[in-house]
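# Coordinates in review
Here is how the chains run, residue by residue.
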Amino acid sequence: MSALKDTDTNIYQSEKQTLIRFLGLYTFLALLIVILGSTIYYKLQKDLMLQTKRLELVEFSKELIDGLKLLHIYFDRYRTYPRNPLYRSAIYDADKVQIFSTLKDNENVNLDKVIYTTDKAIHYIHILDSYYLGAKYVVVEIDNNGKWFIQTWKDIFIYSSLLLILFLLAGIVLVRLFLAPMRNAINLLDRFIKDTTHELNTPVNAILSNIEMIDKEKLDPKLEKKIRRIEIAARTISNIYQDLTYLILHHKIASQNQEIDISQLIKERIDYFKILADSKNILIKTDIKLNIKLYIDKGKFTRLFDNLLSNAIKYNKRGGEIFIFLEEGKLIVKDSGKGMNEKEIKEAFSRYKRFDTTVGGFGIGLNIVSLIAKEYNLNIKIDSQKGKGSEVIIRWDDYI
């Protein structure tokens with residue numbers, strides 16, 4: 001699973017997901033409304049066209065009936081079926097059997113309707129009161145030029161497009177209104193973190209500096225244990241401070257990339273965190289190849305590894321193990337901790353995402369890892385099972 005995208009934009013990843021889901025549902029409902037409206041509009045336009053044509057066809061049918069009446073009366077004298085260049089016609093008996101026709105299509109005549117249209121013609125059916133020439137049904141047909149159809153679909157396209165644009169604009173406004181409380185809460189949290197970091201640095205550094213100057217060998221065992229606990233707490237706070245500072249300032253500080261020996265750096269960071277691991281009786285095992293070099297900002301790689309190791313300690317069980325493997329192009333940090341399910345793995349790099357509130361933290365560690373990995377084109381993969389621990393694999397085979 002590749003590192004997630006940077007969330008330092010105006011819309012956070014969670015907001016983007018909410019926006020996409022809402023707009024997807026909103027667009028689907030808007031399309032249903034537009035399709036329903038278009039269907040109704042099309043039917044109304046078709047009915048309006050047929051009603052308009054019906055007036056014309058009724059007049060044609062009257063003319064035809066008059067011609068049939070004359071032909072019925074003077075059949076011995078005149079045996080020519082009445083015709084008119086303006087329309088075509090046909091007559092059927094009571095059993096719906098065709099008597100005579102000048103229609104274009106004699107196969108698909110529907111005598112059960114009054115007026116209807118096909119692709120090429122419009123038909124009007126009139127039932128006779130008197131059976132002239134044995135006919136009960138009179139059918140009058142005129143050409144369907146399709147102009148109303150083309151114009152109707154042009155109107156549907158124009159109005160539907162305008163309506164969809166209106167729906168989309170309204171949807172964006174609604175989404176922004178719905179997301180405003182969440183965005184305000186996130187901004188408030190960011191401001192709180194920013195203000196808090198200013199107050200942490202000086203006292204934490206003072207505590208760590210004074211602890212390092214203490215000669216622990218001369219201390220009483222009970223006092224040494226208390227000093228050790230203070231050091232663990234101070235280093236935990238220091239690590240949190242470094243994360244918060246990076247989260248706030250990383251996009252404002254230019255990277256100082258250089259070729260560094262990450263083998264040596266990882267060993268130094270393991271020594272730094274050893275006191276935290278010892279507090280939970282966690283054994284750190286390593287298989288670190290020597291002289292592995294990487295062209296990267298030293299501070300950023302330190303933040304990346306510190307967060308992986310810190311999480312491996314934080315979410316590990318008491319008396320558990322951590323395995324750190326380093327070779328050319330690959331770093332693995334594996335623990336025997338709580339593990340994650342598939343859903344949690346997918347959301348692991350989201351900012352402020354926490355799956356276990358009992359261990360503390362802000363839920364920013366893996367988000368920082370993802371930001372650094374994205375910047376340097378590092379590939380991150382998490383293999384984990386609930387209750388069986390997690391393995392984070394970072395590769396830079398394709399590192400540029």
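Attention here is on the structure that accompanies the text. Here the structure is a predicted model, which is why all the values come from computation and not from measurement.

### Focus on the sheet that holds strand S9 (residues 321–327)
- Taken together, five strands build an open sheet; the order of strands is S7-S9-S10-S12-S11 and the sheet is mixed. Only two strands of the sheet have a single neighbouring strand rather than two, namely strand S7 (283–288) and strand S11 (379–385). Each strand axis lies, on average, 10° off the axis of its neighbour in the sheet, ignoring direction.
- Pairing of S7 with S9 involves six bridges; the strand directions are parallel. Looking at S9, one finds that Asp-287 is bridged to Phe-325.

### Some details on unusual backbone geometry
- The backbone phi angle of Lys-96 is positive, close to 65°, even though this residue is not glycine.
- On the secondary structure map, Lys-96 appears in the loop between strand S1 (88–92) and strand S2 (98–101).
- Overall, the relative accessible area of 40% leaves Lys-96 in the partly exposed class.
- In the Ramachandran plot, Asn-377 falls in the positive-phi region, its phi being about 60° despite a non-glycine side chain.

### Let's talk about the side chain of Asn-367
- Relative to the helices and strands, Asn-367 resides in helix H7 (residues 365–375).
- There is a polar contact of 3.1 Å between the side chain of Asn-367 and the backbone oxygen of Phe-349.

### Comments concerning the pattern of salt bridges
- Enumeration over the complete set of coordinates arrives at 13 salt bridges.
- Notably, a salt bridge pairs Arg-88 with Asp-143, separated by 2.7 Å at the nearest N-O pair. With Arg-88 in strand S1 and Asp-143 in strand S5 (residues 137–143), this residue pair connects regions lying 55 residues apart in the sequence.
- For Asp-143, a relative accessible area of 42% translates into the label partly exposed.
- Between Lys-300 and Glu-375 there is a salt bridge, with its nearest N and O atoms 2.8 Å apart.

Rules used throughout
Residues numbered from 1 in each chain as written. Predicted model: local features only at pLDDT ≥ 70, side-chain atom pairs only at ≥ 80, totals over all residues. Heavy atoms only, no water. Pairing = 2+ DSSP bridges. Helix = DSSP H or I, 4+ residues; strand = E, 2+ residues; numbered from the N terminus. Axes fitted to C-alpha atoms, helices over the stretch in contact; angles between N-to-C directions. Buried < 20%, exposed > 50% of the residue type's maximum accessible area, 1.4 Å probe, protein only. Polar contact = N/O pair within 3.5 Å; in protein donor to acceptor, adjacent residues only side chain to side chain. Salt bridge = Lys/Arg side-chain N within 4 Å of Asp/Glu carboxyl O.

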